[in-house]
Amino acid sequence: MTSDSSQSPLVWREDGLPQSRLYGDVYFSSADGLAETRAVFLDGCGLPGAWTGRDRFVVGELGFGTGLNIAAQLDLWRREKPAGGRLNIFSIEAHPITRDEAARALAVWPQLGEAAQVLLDHWPSPARGFHRIDLPGFDATLDLAVMDVSEALAAWSGQADAWFLDGFSPALNPAMWSEEILAAVAARTAPGGRAATFTVAGAVRRGLAAAGFSWEKRPGFGRKRERLEATFPGDVATPPRPKSLAIIGGGIAAASLARAARAEGLAVTVFDADQAKASGNPAALVTPALDAGGGPRAALPAQALARAAALYDALPDAVLARGVLRLATGPRDPDRFAAVAEQDLFAPGEMIVLDADEAGAALGEPAAGALRMNLARVVDPAAVLAAWRGEATAAEVARLEKVEGGWRLFGADGALLATADAVVLAAGADLARLWPQAPIRPVRGQTSWTGPTDLSVTPAAFGGYAVPTPDGGVLFGATHDRGETASDLRDADHDRNRAALAKGRPELAARLADMPLDGRAAVRATTADHLPLAGPVPGAPAGLYVLGGLGGRGFATAPLLAEHVVALMLAAPSPLPRDLAALVEPHR
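Quick notes on the rules
Residues numbered from 1 in each chain as written. Predicted model: local features only at pLDDT ≥ 70, side-chain atom pairs only at ≥ 80, totals over all residues. Heavy atoms only, no water. Helix = DSSP H or I, 4+ residues; strand = E, 2+ residues; numbered from the N terminus. Rg over C-alpha atoms; globule rule 2.2 N^0.38 Å. Buried < 20%, exposed > 50% of the residue type's maximum accessible area, 1.4 Å probe, protein only. Contact = heavy atoms within 4.5 Å. Pairing = 2+ DSSP bridges. Axes fitted to C-alpha atoms, helices over the stretch in contact; angles between N-to-C directions. Core = buried A, V, L, I, M, F, W, Y, C linked by side-chain atoms within 4.5 Å. Expected span 1.5 Å × (residues − 1). Salt bridge = Lys/Arg side-chain N within 4 Å of Asp/Glu carboxyl O. Phe/Tyr/Trp six-rings, centres within 6.5 Å; stacked < 30°, edge-to-face > 60°. Polar contact = N/O pair within 3.5 Å; in protein donor to acceptor, adjacent residues only side chain to side chain. Arc of directions from axis to C-beta. Parallel < 35°, antiparallel > 145°, perpendicular 65-115°, else oblique. Left-handed = near helix turned anticlockwise from the far one by under 90°. Nonpolar A, V, L, I, M, F, W, Y, C, P; charged D, E, K, R; others polar.

Time to look at the overall build of the protein. Along the backbone of the protein there are 17 helices and 28 strands. For a compact globule of 588 residues, the expected C-alpha radius of gyration is about 25 Å, and the protein comes in at 26 Å, within 12% of that figure. Principal axes of the C-alpha set define a box for the protein whose edges measure 80 × 65 × 40 Å. Out of the 588 residues in the protein, the part that is buried amounts to 55%. Counting contacts in the protein only where the partners sit at least 6 residues apart, residues at least 24 apart contribute 71% of the total.

Structure representation (structure tokens):
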């Protein structure tokens, strides 16, 4: 990632140290930044001893900066982590630097090796919001909040076992150290949690004490005579967590849940009664619901798209195309596209408005204009399901029974199929079979596709959509019939899809006019407010969850929402800010 240096919050001093353009303070010690990090933050929070015997440890940080503290933390974690342990890191940065700037800064310490490299390889986007980042090989995830510190602390659902308080100097950046901020840190601290910082400023000591921390001064590092270590009251708790999960469903929701749960060490069993129905098109469009108004309903699809794109890009052979055009179809679309492209929910270059000439050149036929969504994808559903879901048990779960410590799952003949600590309903339009009160509405949709062609198709959406398939064909559609639940293939619906294609992409439609069509009809599950359901089933005993109501955007939303559901069942930090989690609560 590169940027115009005039916009960077970082400047390089003559001695080679990175300094904040905004606050005038250096990002790390001129003596030895790594040694200072280890002394002030790692030792100051009692690491690695504090995580002994823990299956999960959560670290919070004010001031991500160059990533030095997190790289040092990862290096220590991989060397000293408890068997089977998982590390969650939450860091806040209002003014992110670029990957290249971080690489230059971290290059001073080659001993950090793979710990620094994994951060650089997965360097977060500067877009405003939460970013979940996998750190392969470290049994760790990073949630970076790119936003103001008070907003980020209010939005985070986790509780940290250790806090690295590493904002710029209190004298230069007093807002980071206010009593209100330190009280918010305390509200996000687990019983017995620790906090450490390089400063012993009186306002910081008073703020920590007012927030409930006890503190003590310790010998400082380098030219700093003293530093602070603080402890939050209470005993460290290690609550029991689910170890096994049963997922009912076989499509992208179930596959996303299986991936997220296995990444957290859960034993997963997937029950898919009709495996032929699950996300069965030869290609799937991964695009966000566009919201020009901003706010949570714009932020949720933006965050979900970024996460989905990163996860699909990591799968061999799953991505059929990168970047999708949203064609202008009405007079208001250019202004709407411009509003979306200007939102800071997307990094520069992720959403680009094209005029008619640019859109036509990109599309290969005349167009009125377009929004080029560079994070959008076309994926092969079979490849995604094979990688994430794996083998599924071809059995219908007819009944669930809550028992002490978990659930029993029974088949239609009354036979016991499995027991599990937790269950997620992810069966799309079949949700109501096991959850009669499910607030979903069925919508029948039929897609159409050709066999192999000699065409190079630019993926585009225009009310309908047209995308390439793995064998060189073209998939287009889809019909949208509310309240219908039949899944028979209809010639009349092929005709409707051809008509929609002719309206949106007339030249492509003409070239496909004489080609025979295959297709598929399925029933989507939608909700009245067009938002998904992701969380505990309302009114059900503990341990029963739902991921559904995804409508036609399951491939865009399911990967992130599955991580949210798994985090809820494990009492782990969610990747969703609180306002976005509220949008998808099933009991809303």
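So that's the structure; there's more coming.
A separate point is the sheet that holds strand β8 (residues 189-197). Judged by pairing direction, the sheet is mixed, and its eight strands sit side by side in the order β5-β6-β4-β3-β7-β8-β10-β9 without closing on themselves. Both edges of this open sheet fall to β5 (129-135) and β9 (214-219), since each of them pairs with a single strand only. Along the sheet, successive strands turn relative to each other by an average axial angle of 20°, direction set aside. When strand β3 (residues 56-62) meets strand β7 (residues 160-165), the two strands line up parallel, connected through four bridges. By the bridge assignment, V59 is partnered in β7 with A162.

A separate point is the nonpolar core. Judged by nonpolar contacts, the single largest core of 78 residues is most densely connected at I247, L257, Y312, L547 and M569. Counting residues per element, this core draws most heavily on helix α16 (residues 554-570), at 11 residues. Dropping the residues within four chain positions of it, I247 is found in contact with A254, L257, A258, V268, T269, V270, F271, V424 and A426. C45, I92, A162 and F198 belong to the second largest nonpolar core, which has 77 residues in total.

For the rest of this paragraph, the subject is helix α2 (residues 68-80). With 13 residues, α2 extends 18 Å from end C-alpha to end C-alpha; this agrees with the ideal 18 Å at 1.5 Å per step. Burial analysis of α2 places 10 of its 13 residues in the buried class, which makes it a mostly covered element. Turning to α2, its buried residues number three or more, namely L68, N69, I70, A71, A72, Q73, L74, D75, L76 and W77.

Before going further, it helps to examine the pairing of strand β4 (residues 86-92). Within β4, seven of the seven residues are buried, which leaves the element mostly enclosed by the surrounding structure. The two faces of β4 match: R86, N88, F90 and I92 on one face and L87, I89 and S91 on the other face are all buried. Note that β3 and β4 share seven bridges and pair parallel. Bridge pairing links F57 to L87 in β4. With six bridges joining them, β4 and strand β6 (residues 140-146) adopt parallel strand pairing. Bridge pairing in β6 places S91 opposite L144.

Scanning all chains against the criterion turns up 34 salt bridges. For the salt bridge of D100 with R99, the shortest nitrogen-to-oxygen distance reads 3.9 Å. Notably, a salt bridge pairs R433 with E396, separated by 3.8 Å at the nearest N-O pair. Of this pair, R433 sits in helix α13 (residues 431-434) while E396 sits in the loop between α12 (381-388) and β17 (399-403); the two residues are 37 residues apart in sequence, bridging distant segments of the chain. Given the relative accessible area of 39%, R433 is considered partly exposed. For E396, a relative accessible area of 39% gives the class partly exposed. One salt-bridge network, in which partners are shared between bridges, spans D134, R259, R307 and E563.

One pass over the structure, following the stated rule, counts 13 aromatic pairs. Where Y27 meets F168, the ring centres are 5.2 Å apart and the plane angle is 80°; that geometry is what we call edge-to-face. Of the two residues, Y27 sits in the loop between β2 (18-20) and α1 (33-42) while F168 sits in the loop between β7 and α6 (179-187), which places them 141 residues apart along the sequence. Note on accessibility: Y27 and F168 belong to one class, buried. Through pairs of rings, three or more aromatic residues link up here, namely F90, F130, W156 and W163.

Before going further, it helps to examine the side chain of R377. Tracing the backbone shows R377 in strand β16 (residues 370-379). Here the side chain of R377 touches D313 through a polar contact of 2.9 Å, side chain to side chain. Here the side chain of R377 touches L375 through a polar contact of 3.3 Å, landing on its backbone oxygen. Filtering out sequence-adjacent residues up to four positions away, R377 remains in contact with A284, L285, V286, A309, D313, V319, A321, R322, G323 and V324.

Turning next to helix α10 (residues 333-342). Taken together, the buried positions of α10 are occupied by D333, F337 and V340. Angular distribution of buried residues about the axis of α10 spans 60°; they occupy a single face of the element. Relative to its buried face, α10 has exposed residues pointing more than 90 degrees away, namely D335 and E342. Where the residues of α10 are buried, they touch β14 (319-327), β15 (351-354) and β16.

Next up on the list: the side chain of R54. Here R54 lies in the loop between α1 and β3. Here the side chain of R54 touches D161 through a polar contact of 2.9 Å, side chain to side chain.

Attention now moves to the packing of α2 against helix α4 (residues 113-121). One can describe the packing of α2 onto α4 by two numbers: an axis separation of 8 Å at closest approach and a directional angle of 125°. Compared by their axis directions, α2 and α4 come out oblique. Relative to α4, the crossing made by α2 is right-handed. Listed contacts from α4 to I70, A71, L74, D75 and R78 of α2 are E114, A115, A116, V118 and L119. The class makeup of the residues in the contact of α2 with α4 is seven nonpolar, no polar and three charged.

So far we have only geometry, and geometry alone does not tell us how the molecule works.
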